[in-house]
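What follows is each chain in one-letter form.
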Amino acid sequence: MSKTANSMWGGRFAVGPDAIMEAINASIGFDQRLARQDIAGSRAHAAMLAATGIITDKDAEAIGEGLLTVLSEIEAGAFAFSTALEDIHMNVEARLKELIGEPAGRLHTARSRNDQVATDFRLWVRDQCDAAEEALMDLMRALLGQAEAGADWVMPGFTHLQSAQPVTWGHHMMAYVEMAGRDLSRLRDARARMNESPLGAAALAGTSFPIDREMTAEALGFDRPMANSLDAVSARDFALEFLSVAAISGAHLSRLAEELVIWSSAQFRFVALSDRWSTGSSIMPQKRNPDAAELIRAKTGRLFGAAIALFTVMKGLPLAYSKDMQEDKEQVFDAAETWLLALRAMAGMVADMEARPEALRAAASSGFATATDLADWLVRELGLPFREAHHVTGAIVARAEALGSDLDALPLAEMQNVHGRIDETVYDVLSVEASVASRTSYGGTAPSEVRRQIAIWKERLA
């Protein structure tokens, strides 16, 4: 195979790798999206080198201006990326040399590609945290809007996907607000932990040059420099934590997506999804398919896969840097894009969907959903032990089922045939509205409690 010279490596390797080695070794095909972060890091590094007297102010100025030119070329789509130059760092540096000449060679003083890529990647993931935070908050606002509109709409609550007890639409929506709130908390925690600067760790041992790592950390918006140079160049737990947060959030999104698929079906008709988030069938004109929800449900697998892939890459690596770590980026890039897309699609779907209160209430009234309220009444009013109340209630439910009656329409005489002390006040607890209104315990489904929780979350998100 033909071989080409690689001038970036210098004298140790007189000839470059062959085509196959070049293909497996190069990362420019995907890490070019780190260009903005790479140039920001290099500009901060050059300014610090000048401030500490390691390079001249004149060289630092030329480097800074030249890097801005490179960035403008990249953003304009006018930059010619080269696989032979391997990665975004070498591509930028080579172009900088073409633009400003000798000063470009001083940029890499007191720095290695190891701390450079660690810094770039950390900056990029931090940016994705900020984007995801805003997307999560948008979803939470959409859910809060639905919860507020239907704080007192009664619907069935399910266990095992079987009708269990009535709840309110607002309460159900607020469950997802709580889930997203925990995702938001995890994301903010992860961002705070990753906000330390690897820059200045050099290859693995630090540098003998009198650099100012506090200066570069501050310039790049980090809270502080990382305290150990070995850890700084080899840590990727910030990316693993980001992927873990994305995967957990994806699981929450998938659960909501599953419910939207079920609820929008002809058998449930709890919600109608807007045309913006549905598609038709190529053969069945009556169909409205919840494709956006189904795709969110499916894309969760990519988030799980990305986390597992990076854990697998990192699990056996010794300190400090190994080339394996070049495989840290593609999974994170894909997961970040997938997660943000899913969050934004779900926020749009939730904001646009139309709940159907009549269908919700009709479903809540079926399946003897107030049986637990009857059992509680027997305990509270008649003093029955709960186990006996449970048995009495079961017998009454069986009688109602035999007669084809809902509990709140079952004649009193039928209930008294099961237990003679039951009186007409039992009907006060047998309607679904009375059931949900009574659940005023903290975190319960009562409309008053739902509205209180809505107010709390609105204030948190303000």
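Preceding this paragraph is the structure being described.
First, a word on what this report is: a plain description of the structure on this page. As the structure is a computational prediction, the values presented were derived from the model and not from experiment. Each chain has its residues counted from 1, following the order in which its sequence is written. Side-chain atom pairs in this predicted model are given and counted only at pLDDT of 80 or more, local residue features only at pLDDT of at least 70, and totals for whole chains, interfaces and linings cover all residues. Calculation of side-chain values draws on the structure's entire complement of heavy atoms; hydrogens and water are dropped beforehand.

Whether two aromatic rings pair depends on their centres lying within 6.5 Å, for rings of Phe, Tyr and Trp, where Trp uses its six-membered ring; planes under 30 degrees apart make the pair stacked, over 60 edge-to-face, and the rest tilted. Scanning the model with the defined rule gives nine aromatic pairs in all. Where Phe 121 meets Phe 238, the ring centres are 5.5 Å apart and the plane angle is 70°; that geometry is what we call edge-to-face. You can see Phe 121 sitting in helix α6 (residues 113–149) and its partner Phe 238 sitting in helix α10 (residues 237–263), a full 117 residues away along the chain. One exposure class covers both Phe 121 and Phe 238, and it is buried. Of the aromatic side chains, those joined through ring pairs into one cluster are Phe 158, Trp 169, Trp 263, Phe 268 and Phe 270. We call a charge positioned above a ring when the Lys NZ or Arg CZ atom is no farther than 6 Å from the ring centre and deviates by at most 35 degrees from the ring normal. A cation over a ring is seen here: Arg 460 above Trp 457, with NZ or CZ 4.4 Å from the ring centre. A run of H or I in DSSP counts as a helix once it spans at least four residues, and a run of E counts as a strand once it spans at least two, with each numbered from the N terminus. Using a 1.4 Å probe on the protein chains alone, a residue whose accessible area is under 20% of its type maximum counts as buried, one over 50% counts as exposed, and one in between counts as partly exposed.

Right, let's get into the layout of surface pockets. Of the volumes computed, that of the largest pocket is approximately 400 Å³. Forming the walls of the largest pocket are 15 residues, and the residues nearest its centre are His 171, His 172, Met 174, Ala 175 and Tyr 176. Listing elements by their share of the lining of the largest pocket, those giving two or more residues are α7 (169–194), α10 and α18 (447–461). The biggest single contributor to the lining of the largest pocket is α7, with seven residues. For the lining of the largest pocket, the per-class residue count stands at six nonpolar, five polar and four charged. For each structure, a 1 Å grid was placed over the protein atoms alone; sets of points admitting a 1.4 Å probe that cannot get out are labelled cavities, open sets with protein on both sides within 12 Å along at least five of seven lines are labelled pockets, and lining residues have an atom within 4 Å of a point. Grid points are joined across faces, edges and corners, and a volume is the space filled by probe spheres set on the points. Residues are grouped as follows: Ala, Val, Leu, Ile, Met, Phe, Trp, Tyr, Cys and Pro are nonpolar; Asp, Glu, Lys and Arg are charged; every other residue, Gly included, is polar.

Looking now at α18. Under the 1.5 Å per step criterion, the end-to-end length of α18 is 21 Å for 15 residues, consistent within 8% with the ideal 21 Å. Those residues of α18 that fall on the buried side of the exposure criterion are Pro 447, Glu 449, Val 450, Gln 453, Ile 454, Trp 457 and Leu 461. Down the axis of α18, the buried side of the element spans an arc of 155°, and every buried residue falls inside it. Looking at the packing, one finds that the buried side of α18 touches α6, β2 (162–168), α7 and α17 (432–438). The span expected for a helix works out to 1.5 Å for each residue beyond the first. What the arc describes is the spread of directions from the helix axis to the C-beta atoms. Whether two residues are in contact is decided by their heavy atoms: any pair within 4.5 Å suffices.

Strand pairing follows a simple DSSP-based rule, namely that at least 2 bridges must link the two strands. Sheet analysis places strand β1 (residues 154–159) next to β2, joined by six bridges and oriented antiparallel. Following the sheet pairing, Thr 159 is matched in β2 by Gln 162. Remark: two residues form the turn of the hairpin made by β1 and β2, two consecutive strands paired antiparallel; His 160 in that turn has positive phi of roughly 60°.

Look at helix α11 (residues 291–314) against helix α12 (residues 329–352): their axes get within 9 Å of each other, and the N-to-C directions meet at 155°. With respect to α12, the element α11 is oriented roughly antiparallel. Crossing of α11 over α12 shows left-handed handedness. From α11, Ala 292, Ala 293, Ile 296, Lys 299, Arg 302, Leu 303, Ala 306, Ala 309 and Leu 310 reach across to α12, where they touch Gln 331, Val 332, Asp 334, Ala 335, Thr 338, Trp 339, Leu 341, Ala 342, Ala 345, Met 346 and Met 349. Residue composition of the contact of α11 with α12, by class: 15 nonpolar, two polar and three charged. Only the stretch in contact is used when a helix axis is fitted, and all axes are lines through C-alpha atoms; the angle between N-to-C directions ranges over 0 to 180 degrees. Working rule for angles: under 35 degrees goes down as roughly parallel, over 145 as roughly antiparallel, 65 to 115 as roughly perpendicular, anything else as oblique. Here a crossing is called left-handed whenever its near helix is offset anticlockwise from the far helix by less than a right angle, and right-handed whenever the offset is clockwise.

This part takes up the environment of Ala 205. The topology assignment puts Ala 205 in the loop between β3 (196–197) and α8 (213–219). When its relative accessible area of 65% is taken as the criterion, Ala 205 is described as exposed. With 126 residues separating them in the primary sequence, Ala 205 and Phe 79 have C-alpha atoms 34 Å apart.

Here the nonpolar core consists of buried residues drawn from Ala, Val, Leu, Ile, Met, Phe, Trp, Tyr and Cys, with membership extended through side-chain atoms lying within 4.5 Å. Ranked by internal contacts, the top residues of the largest apolar core, which has 99 residues, are Trp 339 and Met 346. What Trp 339 contacts, discounting residues up to four positions off in sequence, is Ala 132, Leu 136, Leu 187, Phe 242, Val 245, Ala 246, Ser 249, Leu 253 and Leu 303. In this structure, Leu 378, Val 397, Ala 400 and Val 426 belong to the second largest nonpolar core, which totals 19 residues.

It is worth spelling out empty space enclosed by the protein at this point. In this structure the tally under the stated criterion is six cavities of 30 Å³ or more. Its boundaries defined by the atoms lining it, the largest cavity holds a volume of some 90 Å³. Looking at the largest cavity, the residues that line it are Ala 364, Ser 365, Phe 368, Ala 369, Thr 370, Asp 406, Leu 407, Asp 408, Leu 430, Ser 431 and Val 432. Taken together, the residues of the lining of the largest cavity sort by class into six nonpolar, three polar and two charged.

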